[in-house]
Amino acid sequence: MNIAVIGTGYVGLVSGTCFSEMGNKVTCVDIDQEKINKLHEGIIPIYEPGLEKMVLKNVEKKNLFFTTKLEEAIQEAEIVFIAVGTPMGEDGSADLQYVLAVAKEIGQKMNRRLIVVDKSTVPVGTADKVKATIQEELNKRKETIEFDVVSNPEFLKEGDAINDFMKPDRVVIGAESDYAFEKMRQLYTPFTMLHERFIAMDVRSAEMTKYAANAMLATKISFMNEMANICERVGADVNNVRAGIGSDSRIGYSFIYPGAGYGGSCFPKDVKALKKIAEENGYEAQLIKSVEDVNDRQKFVIAQKIIKRFGEDLSGKTFGLWGLAFKPGTDDMREAPAIYVIKELVNRGAKVQAYDPKAMEEAQHFYLKGVENVAYKNAKYEVLNDADALILLTEWKEFRSPDFSEVEKQLKTPVIFDGRNQYTTYGLEEKGFEYYQIGKN
């Protein structure tokens, strides 16, 4: 098939590349000329394992193209994906200006029947707005061209997005016509040949599915962090509690690891947007609000443990920090716990020496730009030099089994604050460390 993907951010670039991997001709569009120039040069704007290799291969095979011209991309396209950003507005709602701007241009430029697919995470009812926007432009042109608007939410995990797309758990399609369902089924059949993963439904239910899925996962994380905080106060071990409840097949082990809170591009934004959607429709989503409140508080738990150990005034203290990204396998720092912990510490006079395998540039140039007393080191043990304690905030593989004798040797005092409960089985107290974790101490 001929496909156009509008937006070369995380979702757009991964989706377009994976579609091209199956032999489709895919043209990715972005208004950012510099980004398109870099893609033509083989420079990938995001870090995602396996993505660069797949992009370069399909560009070479002439399956994958990049342009700034939407009209050029949709001339021969059968399906057009809208994968532009939906940033969070000041009131917590999803900002649809970019989605609707693309819809307007599609209406102005389309010359044949199209299936227009909302791939961006958008509020319930967005497909109606996209449809109305396209139709308005066609009416201005006095053109009668058939088109469908479909909802096809993405369920990609950063750090494992290629695998998620190529071997999906499910493909959710919300449409209003048999033609659209059949075309979307044909497009996704190569990805679902071993198992039937195609779930057809109405458009509004498809739009709601993405929010419901992310809210459910965020709820599990906040629930476990709430349990950890209770465990700490009653003298229970949250790691044992997790094992006890995870063995129940109705609950399972996924997303019940206590930690320093969730971050990233999806959970914080989607939970807030879902709360706003409920509010706009006359319903107070109390559980969703609590999920958000617990997470906001959880991001400061490690900082609070540090303050309790070293005092309110941290002047003269230096902390080595492992992990800046919100999770391993990505350079994404959006809403990462590290941002909150670092700012809290330096505001109290401390210095921070940080290392992350992929997110250093993001920290320096965007998320921690202008924050003083933060030094970025080239290797994990360098951050420990003359530091008063080690802080772990992202569970990258290279941090999972460190040389604790080297850690002790480098630190001024053998103190570890574990924001991901990675070292609970290493017997660190017996090795002479002060060990602080989520849900204990």
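Residues numbered from 1 in each chain as written. Predicted model: local features only at pLDDT ≥ 70, side-chain atom pairs only at ≥ 80, totals over all residues. Heavy atoms only, no water.

Asker: Explain the sheet that holds strand β12 (residues 389–392) to me, please; I cannot follow it from the model alone.
Answerer: For sheets, the rule is that strands pair by backbone hydrogen bonds, running either parallel or antiparallel. Overall, parallel pairing links the six strands, which are arranged β11-β10-β9-β12-β13-β14 in an open sheet. One side of each edge strand has no neighbouring strand; the edge strands of this open sheet are β11 (374–376) and β14 (434–437). Strand-to-strand twist in this sheet, taken as the mean axis angle between neighbours without regard to direction, amounts to 20°. Strand direction decides the pairing type here: strand β9 (residues 318–322) and strand β10 (residues 351–355), joined by five bridges, are parallel. Within the sheet, the bridge partner assigned to Thr318 lies in β10 and is Lys351. Taken strand by strand, helix α14 (residues 337–347) contacts β9, β10, β11 and β12, and its axis lies near 155° from that of β10. (Pairing = 2+ DSSP bridges. Helix = DSSP H or I, 4+ residues; strand = E, 2+ residues; numbered from the N terminus. Axes fitted to C-alpha atoms, helices over the stretch in contact; angles between N-to-C directions. Contact = heavy atoms within 4.5 Å.)

Asker: How should I be thinking about the packing of aromatic side chains in this particular structure?
Answerer: By convention here, two paired aromatic rings are described through the distance between centres and the angle between planes. Under the criterion given, the structure shown has 20 aromatic pairs. Taking the centre distance of 6.3 Å and the plane angle of 35° together, the rings of Phe165 and Tyr188 count as tilted. Pair noted here: Phe165 is in helix α7 (residues 161–166) and Tyr188 is in helix α8 (residues 178–188), with a separation of 23 residues, a long-range link. By relative accessible area, which is 4% here, Tyr188 ends up buried. Taking the centre distance of 5.9 Å and the plane angle of 85° together, the rings of Tyr423 and Tyr426 count as edge-to-face. (Phe/Tyr/Trp six-rings, centres within 6.5 Å; stacked < 30°, edge-to-face > 60°. Buried < 20%, exposed > 50% of the residue type's maximum accessible area, 1.4 Å probe, protein only.)

The values are spatial; any link to function lies outside them.
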